[in-house]
Amino acid sequence: TETKHRRCGGNVKTRSTELGSAVTGSPLTAVLPASTTGKKSIVLSSETRKELAKQAKVTKEERRAQIDERHKYLISRLADGIGLSEQQVEEAIISDDKFQLLEQFFAPSGLKKLLFFYQDVFQQKSNASLRSDGSTNNLLQKKLFITMGSTEDFTGTCAFFLRMSDKVITASNVSQEVNFGIFDCTNGNILQGLEFFLSQIMIPALKSQQNWGAVKEGLKNSQIQDFLYSVDKFVGTLSSSRQNIEDKIQLTEVGIDIYVSNLQNPSDYITAG
């Protein structure tokens, strides 16, 4: 009876995991613990697959019903910035297991940032079944997903939303209270992406900004000038470091063997110095 029960659906933890996989579009397969199965993988029954797919569809439709003007604003910015259709972005968001982070971002005194990665990830083929060794056929495909920025490697494009205050984000203030930006890190070249973002986007924006809040006279203020100078200097250092790492700065080898070979004692070294 126990074996039959495990084959039909597995334990609660396994079913919960599979529901999350169903929502995110992953194949509906489960691997039972090695201690139970002797390292053999068991594919879910067709009935269980259908039930999980049904639950996943319900979850997605419930999330779709929650989409309001705040979500639509984020979706529109993402679509324009990344180059996807709004329908594609919406589908990715309601299929994401971190969907609840959007509500946490909109809440008063909520999350200060909301991050999306758009990059290549390994995804299982929709019709893939587990092999005898438990492996599957994977495809490298671009995917848009919500992230906290601390668990996944960043190798593509990061789209970010930043809150301006602790106010609740509403349909009427979302465009004023939320800033949007794109950080491109194609092929995992983070330093180059950061250099471009600062030099081509942030610094020009800062140098054209007239309102600096409580700081009077804006760009004429010495503190603001010192700050912009420091940012410029940082970008210059960043550029040099990047080029050095990429071997674009080559140090010429100096042939001094003929001189060193003639030095026999400490006084010779002192004289040579």
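Here is what the cut-offs are and how they apply
For every chain, the first residue of its written sequence is number 1, and the numbers climb from 1 along that sequence. In keeping with the model being predicted, local features are shown solely for residues with a pLDDT of at least 70 and side-chain atom pairs are shown and tallied solely at 80 or more, while totals for entire chains, interfaces and linings include all residues. Remark: hydrogens and water are excluded; side-chain values derive from all non-hydrogen atoms of the structure. Elements are defined by DSSP. Helices are runs of H or I of four residues or more, strands are runs of E of two residues or more, and each kind is numbered from the N terminus. Think of a polar contact as two N or O atoms within 3.5 Å of one another; within protein, one of them needs to be a possible hydrogen donor and the other a possible acceptor, and neighboring residues in sequence only count if both atoms come from side chains. Residues are treated as being in contact if the distance between any of their heavy atoms lies within 4.5 Å. For salt bridges, the criterion is a side-chain nitrogen of Lys or Arg within 4 Å of an Asp or Glu carboxyl oxygen. Exposure classes here rest on a 1.4 Å probe applied to the protein chains alone. A residue is buried below 20% of its type maximum, exposed above 50%, and partly exposed in between. Residues belong to a common nonpolar core when they are buried Ala, Val, Leu, Ile, Met, Phe, Trp, Tyr or Cys residues joined through side-chain atoms within 4.5 Å.

As annotated in an unreviewed UniProt entry, the protein chain is DYH5 protein from Ciccaba nigrolineata.

Draft legend 1. Representation of the side chain of R70 within the structure. With respect to the helices, strands and loops of the structure, R70 is situated in helix α5 (residues 69-82). Looking at R70, its side chain comes within polar contact range of the main-chain oxygen of I169, at 3.2 Å. If near-sequence neighbours (up to four positions away) are discounted, R70 is found in contact with E103, F106, I169, T170 and A171.

Draft legend 2. Fine view of the pattern of salt bridges. Counting across every chain of the model gives 13 salt bridges. Ionic pairing is found between E69 and K72, a salt bridge with its closest N-O pair at 3.8 Å. A residue pair is termed a helical-turn pair when its members lie 3 or 4 positions apart in one helix, as E69 and K72 do in helix α5 at 3 residues. Look at E69 and you get partly exposed, because its relative accessible area is 46%. Since its relative accessible area comes to 43%, K72 is described here as partly exposed.

Draft legend 3. Broad picture of the nonpolar core. Among the nonpolar cores identified, the biggest contains 26 residues, and L78, V89, I93, L114, F116 and F161 are the most heavily contacted of them. Of all the elements in the fold, those that place two or more residues in this core are α5, α6 (86-94), α7 (100-106), β1 (113-124), β2 (138-147) and β3 (157-163). Among the elements that make up this core, the one with the highest residue count is α5 (6 residues). With residues near it in sequence (within four places) discarded, I93 still touches I75, L78, F99, L102 and F116. Core analysis: the second largest hydrophobic core is formed by 14 residues, F154, C158, C185 and F197 among them.

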